[in-house]
Amino acid sequence: MNDTIGLNEVEKAIGKPYRDLRFLLEALKEVLIENGEPSIAEVIPWIHPTAAPVNGNVTKISQLYSLVFQLVNMVETNSAVQSRRQLEDEDLTQVNGLWASNLQQLKTNGFSEKDITEALRAVSVEPVLTAHPTEAKRATVLEHHRELYLLLVQLENSMYSELEKKNLRENIKASLYRLWKTGEIYLEKPDISSELRNVMHYLVNVFPEVVPIVDRRLEQAFEAVGYQPHAIQKQHAYPKITFGNWVGGDRDGHPLVTAGVTRDTLLKLRLNAFVVIRRKLVRLVQHLSFTQPLNACSEEYQKRVMEMVGQFGEEQGKELLTRNTDEAFRQLLHLMIQKLPVSTARGHATELKETTWSYVHSSQLIADLRLLQNELVAYGAKSIAYDDVKTAIRTVEVFGFHLAALDIRQNSAFHDKAVSQLLRASRAEDTSFAEWDEEKRVRFLLAELERARPFVHPKTELEKEAQTVMECYRAVEDHTAGYGFNCIGSFIVSMTRSFSDLMVVYLLAREAGLTFMDEAGLVAKIHVVPLLETIDDLENGPAILREYFSNPIVKRSLAYRQKLHGLPRPVQQIMVGYSDSNKDGGIMASQWHLYKAQYNLAQVGDEFGIDIRFFHGKGGSISRGAGPTHYFIRALPYGSPNGNIRLTEQGETIAQKYANKVNAAFNLELLVANSLSKTSEDGAKERQFHPHAETIEWLAKESKKAYEKLMHTPGFIGFFRSATPIDAIENSKIGSRPAKRTGANTLSDLRAIPWVFSWSQSRYHMTSWYGLGTALQLLKTDQPERFTELQEALKIDPFLRYVFTNVDTSLAATDEDKMQRYADLVADEKIKQAFLNAFLSELQLIRAHLQDLLGRSFQERRTNHYYSTQLRESLMDELHAMQISLLKKWRAEKTDQTQLELMLTVNALASASGGTG
């Protein structure tokens, strides 16, 4: 074991979190011995001063280390929570990025209470949960982790008696043993329904409890900086928070997401929305036990109650009315609950059930809740009206009758094939649409969209792509015809390369009845969203958008949605991709092109009087856009987020951010609070491009050049496929989605997630630093004055600090020794040495220049991170040795048992690094 640093040293340096870790490890040792596994108990790391390297059962050791790493993650998360609590006890504004610190900064910068209250109502954020194959652990294991975390938090209670402490320890031991005996990895690929269940957990059990916490903390922060929280309560000036979902709607390269899956997903989301709402209403019934006869209420209130009673018929209406005599608030609530379109059994919503008296739209329920709130204010119960009832109103506002908006995503090439097939089915003369040039495509599409006719009858037999698209669009049309469009987010076009890629979706929507004709022409009910993924696409985005916004059909469709949602201006969502742009040109080029694209696209929106809502396709790794939320938002260019932001929460990121409610509230607060401050500060100044644009442009260009040179060097793909466990990851059972879009064995076809995942497993992490060292070397040599300028800018510039801090974090996890050991898996010695030398040379450059730019050592700058990394490293060395040995064996034999053992090491190393792809 490479025991470079032990638990004792980390405890001395950092303190409490690692004392908690020792407590958990000792408890694990006890429970393993008690259950007849003394041999594995004796090799639990860090608590045995003379523990020797383990050469035993790969399965047991990998599982043990994976569990140990999860315990490290857990105590560090809890420590961060406790640290924030301590800081807030001293001064609420001390915790960087949260409501109080942002409000204090806005106040210092001259924003009044009225300014901020108005700005709050204009903020809109939407985390979108996805099921990309980045979560290596089963949902069952995640549930056990949640339970153990809650027990760990109880250790903070200093009031427990000795007996209570003993009972808590026994509960922790039992929880640890459940984790130990539960298999961590998927033996079979999870299906979409199991991925949906995992996402549903957060939407049903976590976020409905977290939003009220974020709202309450806003009120407390308002008061802490000297404003009146009543101003927020009375005006209901809370930011708009909603949620999105890709599971069951994202079909880009995912053949298992059928129309039936989408239809089923929409119904499950709707049912669970009523589960959430019903819980809140039942809780209100329990709380509102106030004595108040109905005839003592306002005329409006009495009229509404009697109107609702009449809807149920004489017998049922009378029974509902007499259930709580002289408790008028409960009477109205019982009527509301009865009007929810669900059946209940044993007090729980079990299935959808529409009746003549059911609510049709969530706005109807909100109106009744506001009536209740006003009546309580008149009654004198302001605190209840602006707390309990407000919470119920917010729940309906946030989750509606749909829980989360389902996005429909498909690749532009798939759409092209579908149009060609529709043309063939309609017996058109020229059916090779996918091969037409852009001019011909646009001419055809715009002429065709002047007409309301479809190409084929709904029962016409179609070829694969056309049939798939039409079934999906018709499923959406069927659902929205009955329930409205709040349940649908956007129709996202992956790999948007041109104006025609977007207009194709209008044509397909017309075919399924998702458009209508007004006096001026065709209008789409759906919102079509470009996804700009590659660096070329990001550069071409503004030109595509100008042509798109100039089109009359688009103008009418955006105006329709503006009117439907009561918006001050039309809104167009644009999705920007962090993964493929990074895969294209490395981290500096990716981040800079994303910055430029957002700045330019926001400017195009202003030219056309259209608000741009950026949808950030971020992942869990630094290469794919990860990093602290508040730093990420502050690093955005002028005009982004513009009060309106959407971003993906992918794979293991969901569990890391939202598995426990305190941490979930923290992460959601970071998102909303910083969206407020960034938007407000941008609005108070003139549009300005980055002040160091020339230097960054140069770095992006030179780093991309070095990165592309590596990627295009003959033999690179062979090196990559040998020196990383990419083949094992491709064969894993982690997620329901295939690792490749079409199955081709090319780098372009490989998804960015396994690309990043495999480099991180072998400790290269090249996707988040390669090329930048060369660029910095050239800058320092050829333009020393700009290098000095960059050094100074890094101290204050949000964008540069964000990018370089992320590179710094990634370098801390990069390990030359491991890189060389994985490179030994490459059979061709010449190829091995050529690429290994390239990596090590570039790594030496970036490390040297980053040290020069940032000054102090990593240990001095980021003490906690340094010690955490060093502690983990003492176990990772052994896991890497196991993985390399198993890779050799599996590649030679391809046995199921070896693959299982190999995936256990993949899972353990993912736990160690806190992420996958």
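For the structure, check the block above.
Bear in mind the structure is a predicted one, so any value in this text is a computation, not a measurement.

Quick look at the environment of Asn171
In step 1: Positionally, Asn171 belongs in helix 8 (residues 162-181).
In step 2: The class for Asn171 is partly exposed, based on a relative accessible area of 41%.
In step 3: For the pair Asn171 and Leu151, spaced 20 residues apart in sequence, the C-alpha to C-alpha distance is 7.6 Å.

Side note on the side chain of Asn411
In step 1: With respect to the helices and strands, Asn411 occurs in strand 6 (residues 405-411).
In step 2: Judged by relative accessible area, Asn411 falls into the buried class, the value being 13%.
In step 3: A distance of 3.5 Å separates polar atoms of two side chains, one belonging to Asn411 and the other to Asp252.

Thoughts on helix 33 (residues 798-813)
In step 1: With 16 residues, helix 33 should cover 22 Å at 1.5 Å per step; its first-to-last C-alpha distance of 23 Å lies within 8% of that length.
In step 2: Buried within helix 33 are the following residues: Phe799, Leu800, Tyr802, Val803, Phe804, Asn806, Val807, Asp808, Thr809, Ser810 and Leu811.
In step 3: For helix 33, the capping residue at the N-terminal end is Asp797, with a side-chain oxygen 3.2 Å from the backbone nitrogen of Phe799.

Digging into the packing of helix 31 (residues 772-782) against helix 32 (residues 784-793)
In step 1: Where helix 31 meets helix 32, the axes come as close as 5 Å, and the angle between the chain directions of the two elements is 120 degrees. Comparing the axis directions of helix 31 and helix 32 gives the class oblique. For the pair helix 31 and helix 32, the contacting residues are Leu776, Leu779, Lys780, Thr781 and Asp782 in the first and Pro784, Arg786, Phe787 and Leu790 in the second.
In step 2: Taken together, the residues of the contact of helix 31 with helix 32 sort by class into five nonpolar, one polar and three charged.

Things to note about the packing of helix 14 (residues 328-339) against helix 15 (residues 362-379)
In step 1: At a closest axis distance of 11 Å, the pairing of helix 14 and helix 15 adopts a crossing angle of 175 degrees. It follows from the interaxial angle that helix 14 and helix 15 lie roughly antiparallel. Residue-level contacts link Phe329, Leu332, Leu333 and Met336 of helix 14 to Leu365, Asp368, Leu369, Leu372, Glu375, Leu376 and Tyr379 of helix 15.
In step 2: Residues that form the contact of helix 14 with helix 15 fall into these classes: nine nonpolar, no polar and two charged.

Remarks on the environment of Val576
In step 1: Take Val576: it is sitting in strand 11 (residues 571-577).
In step 2: Considering only alpha carbons, one finds Val576 and Phe414, 162 residues apart in sequence, at a separation of 20 Å.
In step 3: Not counting the four nearest positions on each side in its chain, Val576 is found in contact with Leu531, Leu532, Leu538, Leu594, Phe614, Phe615, His616 and Gly617.

Some points on the pairing of strand 12 (residues 611-617)
In step 1: Counted residue by residue, strand 12 has seven buried out of seven residues, so it is predominantly covered.
In step 2: Both faces of strand 12 are covered, namely the face carrying Asp611, Arg613, Phe615 and Gly617 and the face carrying Ile612, Phe614 and His616.
In step 3: The pairing of strand 11 with strand 12 spans seven bridges and is parallel. Looking across to strand 12, one finds that Val576 is bridged to His616.
In step 4: A crossover links strand 11 with its parallel partner strand 12, the connecting element being helix 23 (residues 579-607), and its sense is right-handed.
In step 5: Relative to strand 13 (residues 644-650), strand 12 runs parallel, the two being bridged by three bridges. From the neighbouring strand, His616 faces strand 13, where its bridge partner is Leu647.

Examining the state of the cysteines
In step 1: Taken as a whole, this structure holds zero disulfides when the rule is applied.
In step 2: The structure places no disulfide on Cys472, whose sulfur is separated from the nearest cysteine sulfur, that of Cys487, by 12 Å.

Focus: the environment of Gly313
In step 1: Position of Gly313 relative to the elements: it lies in the loop between helix 12 (299-311) and helix 13 (314-321).
In step 2: Accessibility expressed as a relative area gives 30% for Gly313, which makes it partly exposed.
In step 3: In the structure, Gly313 is positioned 44 residues away from Trp357 in sequence and 9.7 Å away in space, judged by C-alpha atoms.

Side note on the side chain of Asn78
In step 1: With respect to the element layout, Asn78 can be found in helix 4 (residues 58-90).
In step 2: Judged by its relative accessible area of 1%, Asn78 is buried.
In step 3: Among the polar contacts listed, one links the side chain of Asn78 to the side chain of Glu156, at a separation of 2.9 Å.
In step 4: Not counting residues up to four positions away in its chain, the partners in contact with Asn78 are Lys16, Asp20, Tyr149, Leu152, Val153 and Glu156.

As for the pairing of strand 1 (residues 124-130)
In step 1: Buried residues dominate strand 1, accounting for seven of its seven residues.
In step 2: Here strand 1 shows a buried face lined by Ser124, Glu126, Val128 and Thr130 and a second buried face lined by Val125, Pro127 and Leu129.
In step 3: Bridge count between strand 1 and strand 2 (residues 240-241): two bridges; the pairing is parallel. Along strand 2, the bridge assignment pairs Val125 with Ile241.
In step 4: Across seven bridges, strand 1 lies against strand 13 in parallel orientation. By the bridge assignment, Val125 is partnered in strand 13 with Ile645.
In step 5: Bridging between strand 1 and strand 3 (residues 244-245) involves two bridges; their strand directions are parallel. Across the sheet, the residue bridging to Leu129 is Asn245, located in strand 3.

A few points about the pattern of salt bridges
In step 1: Applying the stated criterion to the full structure yields 66 salt bridges.
In step 2: Across the salt bridge formed by Arg441 and Asp416, the nearest N and O atoms sit 3.2 Å from each other. Residue Arg441 is located in helix 18 (residues 438-448), and its partner Asp416 is located in helix 17 (residues 412-425); the two are separated by 25 residues in the primary sequence. The same class applies to Arg441 and to Asp416, which are both buried.
In step 3: For the salt bridge of Arg763 with Glu873, the shortest nitrogen-to-oxygen distance reads 2.7 Å. Within this pair, whereas Arg763 is found in the loop between helix 30 (752-761) and helix 31, its partner Glu873 is found in helix 37 (residues 863-893), the two being separated by 110 residues in sequence.
In step 4: Residue classification places Arg763 among the buried residues on the basis of a relative accessible area of 3%.

Concerning unusual backbone geometry
In step 1: Of the consecutive residues Ser640 and Pro641, the connecting peptide bond is found in the cis state with omega at 20 degrees.
In step 2: Mapped onto the elements, Pro641 comes out in the loop between helix 24 (629-634) and strand 13.
In step 3: Unlike most non-glycine residues, Trp46 shows phi in positive territory, near 75 degrees.
In step 4: One can find Trp46 in the loop between helix 3 (38-41) and helix 4.
In step 5: Of note in the backbone geometry, Lys894 takes a positive phi value of approximately 55 degrees without being a glycine.
In step 6: Relative to the helices and strands, Lys894 resides in the loop between helix 37 and helix 38 (896-913).

Some points on the nonpolar core
In step 1: In terms of nonpolar packing, the biggest core is built from 267 residues, with Leu372, Tyr764, Phe804 and Phe839 touching the most fellow members.
In step 2: It is helix 9 (residues 192-224) that contributes the most residues to this core, 15 residues altogether.
In step 3: Beyond its immediate chain neighbours, meaning those up to four positions away, Tyr764 contacts Phe719, Ala723, Trp759, Trp769, Thr814, Met819, Tyr822, Ala823, Leu836 and Phe839.
In step 4: Of all hydrophobic cores here, the second largest spans seven residues; its members include Val128, Trp246, Met575 and Phe615.

Cut-offs used in this document
- Residues numbered from 1 in each chain as written.
- Predicted model: local features only at pLDDT ≥ 70, side-chain atom pairs only at ≥ 80, totals over all residues.
- Heavy atoms only, no water.
- Helix = DSSP H or I, 4+ residues; strand = E, 2+ residues; numbered from the N terminus.
- Buried < 20%, exposed > 50% of the residue type's maximum accessible area, 1.4 Å probe, protein only.
- Polar contact = N/O pair within 3.5 Å; in protein donor to acceptor, adjacent residues only side chain to side chain.
- Expected span 1.5 Å × (residues − 1).
- Axes fitted to C-alpha atoms, helices over the stretch in contact; angles between N-to-C directions.
- Parallel < 35°, antiparallel > 145°, perpendicular 65-115°, else oblique.
- Contact = heavy atoms within 4.5 Å.
- Nonpolar A, V, L, I, M, F, W, Y, C, P; charged D, E, K, R; others polar.
- Pairing = 2+ DSSP bridges.
- Right-handed = clockwise from strand over helix to strand, strands pointing away.
- Disulfide = S-S within 2.5 Å.
- Salt bridge = Lys/Arg side-chain N within 4 Å of Asp/Glu carboxyl O.
- Core = buried A, V, L, I, M, F, W, Y, C linked by side-chain atoms within 4.5 Å.

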